[in-house]
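# Coordinate inspection notes
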Amino acid sequence: MVISVASGKGGTGKTTVAVSLALSIENSQIIDCDVEEPNVHLFLNPEIKQEIEVTSVVPEVDKEKCNLCGYCSKVCAYNALSVIKLDSSGDVILFPHLCHGCEGCILLCPEKAMKPAHRGIGMIKIGSFDSLEFIEGRLNISEVLAPKVIEKAKAYAKKDKITIVDAPPGTSCPAVAAIKDSDFCILVTEPTPFGLHDLELAYEVTQALKIKSGVIINKSGDDWLIEGFCRKNKIPVFLKIPFHRKIAEAYSKGIPLVKAMPEYKEIFQKIYKEIREII
Amino acid sequence: MKQILIISGKGGTGKTFFTGCLATALNNKVLVDCDVDAANLHLLLHPEIKETHDFTGGKIASIDEAKCIQCGACKEVCKFNAINEIFQSFQIETLKHSRSVIPSLPILCHSERQRRISSSVFQVDELSCEGCTICSYVCPEEAITLNDRISGQYFISETRYGTLIHARLGIAQENSGKLVTKLRELAKETAQEKGCEYVVIDGPPGVGCPVMASMTGVDLVVAVTEPTLSGMHDLMRVIELSKHFNIPVKVVINKHDLNTEMSSQIVKAVESSGIEVCGKIPFSEDILASVKAGKPFLEFTKNSLTKEIEELIGKIT
């Protein structure tokens, strides 16, 4: 079973919820799919046992075979290839950051002058903390192919475990890549107009992906805004975490909620049970 | 004209709150919300939309079922798993029935059945298609066309604080970097037309393509962070990115008194990489209340903290 934890926006408490849920249930693994800003490791300090580079395919030109016809640059939808021809000589220039790895140029080159090469775009780290399995995807600085790193991280998940996915913020391709294929999605929000606005967007994503969802309200207070939205859309509200200095301080030091306040462990176990009943 | 970008690495640190402060404190500027995934600045500035435009970013493949011969070549070459083969199992059911009706034709039925099992429909998964167009090159029947993908809308609005350029990206759309670039171009043009002194940009979280698109060509990056382990971790990643682009950075620590020890650690780490921490803002219920009320903080209340923030803005501009 895969449960993803998402929110329209960062800073709402996704990682807090994901880490606490993973620590509360047995036989679980957590995948940090917020590859631009992975934070789960800060709360778990896992022992890393394996590091795997994530690569993307880029074309490599065989200059002997290439006749500078320019077809590769014509088929490339991302303008990642440029062919320069000057009299009898010339060059094929690749802009690796623009390449999406579709391999079209390699496939369609009339001279078969291109072959796949690999370019590192990120890292997968695999480890554990006590009995909790840990997987993290991390995008290299100045790289853009976040979904590729996310998909790779998810591919290392063990099928027999309960998987908790910490999704990146937003509603664009990285968030979708993380949430896709989940059995359930927990949406974390805050009771402010910002929180409601972002929750609406995140909910729309789960609807588009046909994934059932439930809400956790963090920094709870005047929750009527959020509760109204949940009632209207028949989304269950699992939990309200109050704004508590003790929680904020523990978070700031990288201490998981269920470690700082062990009474939350039972609450998260109950949420897990409810989710199982829903799906 | 000076372009100032507010970013944070991590979400929820107070980027939009701080941009709201700049909106109130600075005269003669154009505002841009580049967090196209989850734009929030409009919730503080209450814009009146003057112009709405569709944003077409990239292409999307579509298969003409009438022309498709189900050869599967498109699925084979697609590196994004964006082509789904949907088997039509009900046809097999029909066949079992026909076999029982005509038991004298078992062999024919067998071959017939084979044919029907492979009869399936190929469809493009719009969420996965990246518009690389390669499927259209390999399709022997020319059954695949690439259409423009409308991936969002952008708006030119007026607010009490000046022109606001903002957008809404459709769900699951990529090209947010391109949309950000579009917004930035519009903002620059508007600022030049109106002779504005500043372009103030509310940036997206993270370090991915929309952040890079927000960053190119700005004069100053203001990184708003909070004194948490994750805040610090993400701050260092955006600082690294700014260095990569050779753009000056100044740091503001928001809610600094929530963890004074972490705050001083951040100050140390930041200053050791040669960057100035130009201000610290304490945790304040008033700020939370201003966000809940949907008003820029400097307008919501007047007290010693508003004065402090005004001074801080003086240091940035």
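Residues numbered from 1 in each chain as written. Chains lettered and ligands numbered in written order. Predicted model: local features only at pLDDT ≥ 70, side-chain atom pairs only at ≥ 80, totals over all residues. Heavy atoms only, no water.

## Some details on the overall build of chain B
Helix and strand content of chain B: 13 helices and eleven strands. Expressed as a percentage of the 317 residues in chain B, the buried residues total 56%. A sequence separation of at least 24 residues applies to 79% of the contacts in chain B between residues at least 6 apart. (Helix = DSSP H or I, 4+ residues; strand = E, 2+ residues; numbered from the N terminus. Buried < 20%, exposed > 50% of the residue type's maximum accessible area, 1.4 Å probe, protein only. Contact = heavy atoms within 4.5 Å.)

## What about the overall build of chain A?
Looking only at helices and strands, chain A features eleven helices and eleven strands. Counting only C-alpha atoms and orienting by the principal axes, one finds that chain A spans roughly 75 × 40 × 35 Å. Restricting to contacts in chain A with at least 6 residues of sequence separation, those with at least 24 account for 70%. Surface summary for chain A: the accessible area is close to 12,000 Å², and the carbon and sulfur share equals 51%. Across chain A, the 34 positively charged side chains and the 36 negatively charged ones have centroids separated by 3 Å. (Areas by Shrake-Rupley, 256 points an atom, 1.4 Å probe, with all protein chains shown as cover. Lys, Arg positive; Asp, Glu negative; His and termini not counted. Charge placed at Lys NZ, Arg CZ, Asp CG, Glu CD.)

## Some details on the interface of chain B and chain A
On the chain A side, the residues contacting the 56 residues of chain B number 55 residues. Buried area between chain B and chain A, summed over both chains or domains, comes out near 4,800 Å², and the portion from carbon and sulfur atoms is 60%. Seen at the junction of chain B and chain A, the total is four salt bridges. Our enumeration of links across chain B and chain A arrives at 26 residue pairs in polar contact (both at pLDDT 80 or more). Contributing elements (two or more residues each) for the side of chain B that touches chain A: α2 (41-45), α6 (134-138), β7 (162-169), α8 (209-215), α9 (229-244) and α11 (285-293) of chain B. The element best represented in the side of chain B that touches chain A is α9(B), accounting for eight residues. (Buried area = accessible area lost by both parts, 1.4 Å probe. Salt bridge = Lys/Arg side-chain N within 4 Å of Asp/Glu carboxyl O. Polar contact = N/O pair within 3.5 Å; in protein donor to acceptor, adjacent residues only side chain to side chain.)

## A few points about the sheet that holds strand β6 (residues 144-159) of chain B
Pairing between sheet strands relies on hydrogen bonds along the backbone, with the strands arranged either parallel or antiparallel. Residue and element names in this part refer to chain B. The strand order across the open sheet formed by nine strands is β3-β6-β7-β2-β8-β1-β9-β10-β11, and the pairing between neighbours is mixed. For this open sheet the edge positions go to β3 (48-63) and β11 (276-281), each flanked by a neighbour on one side alone. The mean inter-strand angle of the sheet, taken between neighbouring strand axes irrespective of direction, is 20°. Inspection of the sheet shows strand β2 (residues 29-33) paired to strand β8 (residues 198-202) by five bridges, in the parallel sense. Across the sheet, the residue bridging to V30 is V199, located in β8. (Pairing = 2+ DSSP bridges. Axes fitted to C-alpha atoms, helices over the stretch in contact; angles between N-to-C directions.)

## Examining the environment of A:T163
All names here are of chain A. Mapped onto the elements of the fold, T163 is located in strand β8 (residues 162-166). On the basis of relative accessible area, T163 is assigned to the buried category, the value being 4%. Placed 162 residues apart in sequence, T163 and M1 show a C-alpha to C-alpha distance of 6.1 Å. Every residue in contact with T163, bar those within four places of it in the chain, is listed here: M1, V2, I3, Q29, I31, A157 and K158. A distance of 2.8 Å separates the side chain of T163 from the side chain of Q29, its partner in a polar contact.

## Observations concerning a nonpolar patch on the surface
The grouping of A:I84, A:L86, A:I93, A:F95 and A:L98 at the surface amounts to a nonpolar patch, some 420 Å² of accessible area in total. Relative to the helices and strands, A:I93 resides in strand β5 (residues 89-94). (Patch = residues over 30% accessible without salt bridge, like charges linked within 9 Å, V, L, I, M, F, W, Y side chains within 5 Å.)

## Details of the packing of aromatic side chains
A complete count under the given rule lists seven aromatic pairs over all chains for this structure. For the ring pair A:F184 and A:F238, a centre distance of 5.9 Å and an interplane angle of 45° mean the geometry is tilted. You can see A:F184 sitting in strand β9 (residues 184-189) and its partner A:F238 sitting in strand β11 (residues 237-242), a full 54 residues away along the chain. Owing to a relative accessible area of 0%, A:F184 belongs among the buried residues under this scheme. With 6.0 Å between their ring centres and 65° between their planes, B:F17 and B:F297 make a pair best called edge-to-face. (Phe/Tyr/Trp six-rings, centres within 6.5 Å; stacked < 30°, edge-to-face > 60°.)

## With respect to the pattern of salt bridges
By the definition in use, this model includes 19 salt bridges over all chains. A salt bridge links A:E60 to A:K115; the nearest nitrogen and oxygen atoms lie 3.6 Å apart. Remark: A:K115 occurs in strand β6 (residues 114-129) and A:E60 occurs in strand β3 (residues 47-61); sequence separation between them is 55 residues. With a closest N to O distance of 3.0 Å, B:R160 and B:E299 form a salt bridge. Of the two residues, B:R160 sits in the loop between β6 and β7 while B:E299 sits in helix α12 (residues 297-300), which places them 139 residues apart along the sequence. Look at B:R160 and you get exposed, because its relative accessible area is 67%. Classification of B:E299 by relative accessible area gives partly exposed; the value is 31%. Through salt bridges that share partners, A:D223, A:E227 and A:K240 make up one connected network.

## A word on the confidence of the model for chain A
Overall, the predicted model of chain A reaches an average pLDDT of 94, with 100% of residues at or above 70. Mean pLDDT across the secondary structure elements of chain A bottoms out at helix α9 (residues 245-253) of chain A, with 88, and peaks at β8(A), with 98. (pLDDT = per-residue confidence, 0-100.)

## Things to note about the layout of surface pockets
Residue and element names in this part refer to chain A. Space inside the second largest pocket adds up to approximately 310 Å³. Going through the elements one at a time, α1 (14-24), α10 (257-260) and α11 (263-278) are the ones with two or more residues in the lining of the second largest pocket. Considering each element in turn, the lining of the second largest pocket owes the most residues, four residues, to α11. Of the residues in the lining of the second largest pocket, the class split is eight nonpolar, five polar and five charged. (1 Å grid on protein atoms, 1.4 Å probe; cavity = no way out; pocket = protein on both sides within 12 Å on 5 of 7 lines; lining within 4 Å. Points joined across faces, edges and corners; volume = space filled by probe spheres on them. Nonpolar A, V, L, I, M, F, W, Y, C, P; charged D, E, K, R; others polar.)

## Here we look at the side chain of A:S24
Residues and elements named next belong to chain A. Looking at the secondary structure, you find S24 in helix α1. Note on S24: relative accessible area 4%, which makes it buried. Excluding its chain neighbours within four sequence positions, the residues that come into contact with S24 are V258, K265, F268 and Q269.

## Observations regarding the confidence of the model for chain B
All names here are of chain B. With 90% of its residues at a pLDDT of at least 70, chain B reaches an overall mean of 88. Across residues 90-117 the pLDDT falls below 50, and counting only partners more than four positions away or on other chains, this stretch makes twelve contacts in the model. In the predicted assembly, ipTM is 0.82 and pTM is 0.85.

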